[in-house]
Amino acid sequence: MRRRLATPRCPLRPGDPCTLCVPGATGPQDCQTVRFVMEDPELREMLQAKRAEWRAAKQAS
Ligand code: SF4
C-alpha cells in the first residue's frame, strides 16, 4: 500500500505549502526565515495577527 506524505505548510504564509523558497532550507523545520521570525517577539506578534486574519477570512468564505 502506498502512502502519501503530507506537504509541509509554510508557517509564515498561512494556507500555503512550503516551497523551499529559502536557500538551504529542506522545510519549515530548518528554514532560517521562520527561525528569525519566531525569535523576534514583534515579528511573532505580527505573524499571530496575520494567522488570526487568515482564519477569520477562511471561516467567512
Ligand atoms: S522555505 Fe521557509 S519561508 Fe519558504 S515557504 Fe518554506 S517555510 Fe516558508
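Summary of the structure given here. (Residues numbered from 1 in each chain as written. Predicted model: local features only at pLDDT ≥ 70, side-chain atom pairs only at ≥ 80, totals over all residues. Heavy atoms only, no water.)

**A look at the overall build of the protein chain**
Here comes step 1: Each helix and strand in the protein chain was counted, giving two helices and zero strands.
Here comes step 2: For 61 residues, the compact-globule estimate of 2.2 N^0.38 gives 10 Å, and the protein chain exceeds it by more than 25% at 14 Å.
Here comes step 3: For the protein chain, the spread of C-alpha atoms along the three principal axes comes to 40 × 30 × 15 Å.
Here comes step 4: Excluding contacts between residues fewer than 6 apart, the proportion of contacts in the protein chain whose partners are at least 24 apart in sequence is 23%.
Here comes step 5: For the protein chain, the accessible area works out to roughly 5,300 Å², and carbon and sulfur atoms hold 55% of it.
Here comes step 6: One finds the centroid of the 11 positive side-chain charges in the protein chain at a distance of 14 Å from the centroid of its 7 negative side-chain charges. (Helix = DSSP H or I, 4+ residues; strand = E, 2+ residues; numbered from the N terminus. Rg over C-alpha atoms; globule rule 2.2 N^0.38 Å. Contact = heavy atoms within 4.5 Å. Areas by Shrake-Rupley, 256 points an atom, 1.4 Å probe, with all protein chains shown as cover. Lys, Arg positive; Asp, Glu negative; His and termini not counted. Charge placed at Lys NZ, Arg CZ, Asp CG, Glu CD.)

**Thoughts on the pattern of salt bridges**
Opposite charge on two side chains lets them pair, provided their charged atoms get close.
Here comes step 1: Counted according to the given criterion, the structure contains one salt bridge.
Here comes step 2: The residue R35 makes a salt bridge to E39 at a minimum N-O spacing of 3.2 Å. Of the two residues, R35 and E39 are both situated in helix 1 (residues 32-39); the distance of four residues between them amounts to about one turn of the helix.
Here comes step 3: Given a relative accessible area of 45%, R35 falls into the partly exposed group. (Salt bridge = Lys/Arg side-chain N within 4 Å of Asp/Glu carboxyl O. Buried < 20%, exposed > 50% of the residue type's maximum accessible area, 1.4 Å probe, protein only.)

**Overview of helix 2 (residues 41-60)**
Here comes step 1: Relative to the 28 Å expected for 20 residues at 1.5 Å per residue, helix 2 spans 29 Å between its end C-alpha atoms, a close match to the ideal helical length.
Here comes step 2: The opening residue of helix 2, the one whose side-chain oxygen lies 2.8 Å from the backbone nitrogen of E42, is D40. (Expected span 1.5 Å × (residues − 1). Polar contact = N/O pair within 3.5 Å; in protein donor to acceptor, adjacent residues only side chain to side chain.)

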